[in-house]
Structures are given as C-alpha cells and as structure tokens.
Amino acid sequence: MGTKDPSYSDVKYVDALIGPDTVATLPLETLNAYRDHGNPAPRLEDDLETARQVPQRLSALGINLETISAALEAEGD
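Residues numbered from 1 in each chain as written. Predicted model: local features only at pLDDT ≥ 70, side-chain atom pairs only at ≥ 80, totals over all residues. Heavy atoms only, no water.

*Asks:* Looking at this structure, I do not really get a negative patch on the surface. What am I missing?
*Replies:* There is a patch of like negative charges on the surface, built from E45, D46, D47 and E49. Within the secondary structure, E49 is located in helix 3 (residues 48-60). Here E49 falls in the partly exposed class, since its relative accessible area comes to 48%. (Patch = residues over 30% accessible without salt bridge, like charges linked within 9 Å, V, L, I, M, F, W, Y side chains within 5 Å. Areas by Shrake-Rupley, 256 points an atom, 1.4 Å probe, with all protein chains shown as cover. Salt bridge = Lys/Arg side-chain N within 4 Å of Asp/Glu carboxyl O. Lys, Arg positive; Asp, Glu negative; His and termini not counted. Charge placed at Lys NZ, Arg CZ, Asp CG, Glu CD. Helix = DSSP H or I, 4+ residues; strand = E, 2+ residues; numbered from the N terminus. Buried < 20%, exposed > 50% of the residue type's maximum accessible area, 1.4 Å probe, protein only.)

*Asks:* So what exactly am I meant to see when it comes to the layout of surface pockets here?
*Replies:* Where empty space is left becomes clear once a probe the size of a water molecule has been rolled over the atoms. Taken as a whole, the largest pocket spans an internal volume of roughly 150 Å³. As for the largest pocket, its lining consists of M1, V14, L17, I18, G19, T22, V23, A24 and L26. Tallied by class, the residues present in the lining of the largest pocket amount to seven nonpolar, two polar and no charged. (1 Å grid on protein atoms, 1.4 Å probe; cavity = no way out; pocket = protein on both sides within 12 Å on 5 of 7 lines; lining within 4 Å. Points joined across faces, edges and corners; volume = space filled by probe spheres on them. Nonpolar A, V, L, I, M, F, W, Y, C, P; charged D, E, K, R; others polar.)

*Asks:* Help me understand the packing of aromatic side chains, please; the structure alone is not making it clear to me.
*Replies:* Ring pairs (aromatic) are described by centroid distance and by the angle formed between their planes. Taken as a whole and judged by the stated rule, the model has one aromatic pair. Aromatic side chains Y8 and Y13 sit 6.4 Å apart centroid to centroid with 80 degrees between the ring planes, which places their arrangement in the edge-to-face category. Y13 gets classed as partly exposed once you look at its relative accessible area, which sits at 33%. Over the aromatic face of Y8 sits the side chain of K12, whose NZ or CZ is 4.8 Å from the ring centroid. (Phe/Tyr/Trp six-rings, centres within 6.5 Å; stacked < 30°, edge-to-face > 60°. Lys NZ or Arg CZ within 6 Å of the ring centre and 35° of its normal.)

That's the geometry; what it means functionally is another story.
The following block contains the structure:
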C-alpha cells in the first residue's frame, strides 16, 4: 500500500485505511515513513455516506469497478 504518485503524502493510504479489525501490508519504506510521521487514528469509517455513493457515481461515469479491480489484481501478481 505504498504511494506511487510523488505529489501525494508517502503515508496517504495508510492514514486513510486505519480501522478496527483491519490488516494491511506495507512496503518497508512506507512503514518506516509512517513510524516517522504517521498520524494513527481510526479513519476507515469517516464519512461513510460519501463513500457509499462512490460506486454509483463511478458507474454513472461509465467506470466499471469490477473490470478495474480485475486489472489491478492482475498487475499485482
């Protein structure tokens, strides 16, 4: 769950995905960055209503999450 875009914080995704009963794998570089300047707090359930609307909004734009997910899984191999 490293950040590939250098314009983003190197802990962007770690911060956003902290929540109860979760497990995440991190590249060592990201883990060390989080240890250095992460801000631990449960955020995974922040603004759930907006999060629930995202799949519908993407679909309305013609973005198929199943297709994208399959492509990302294939790239991750």
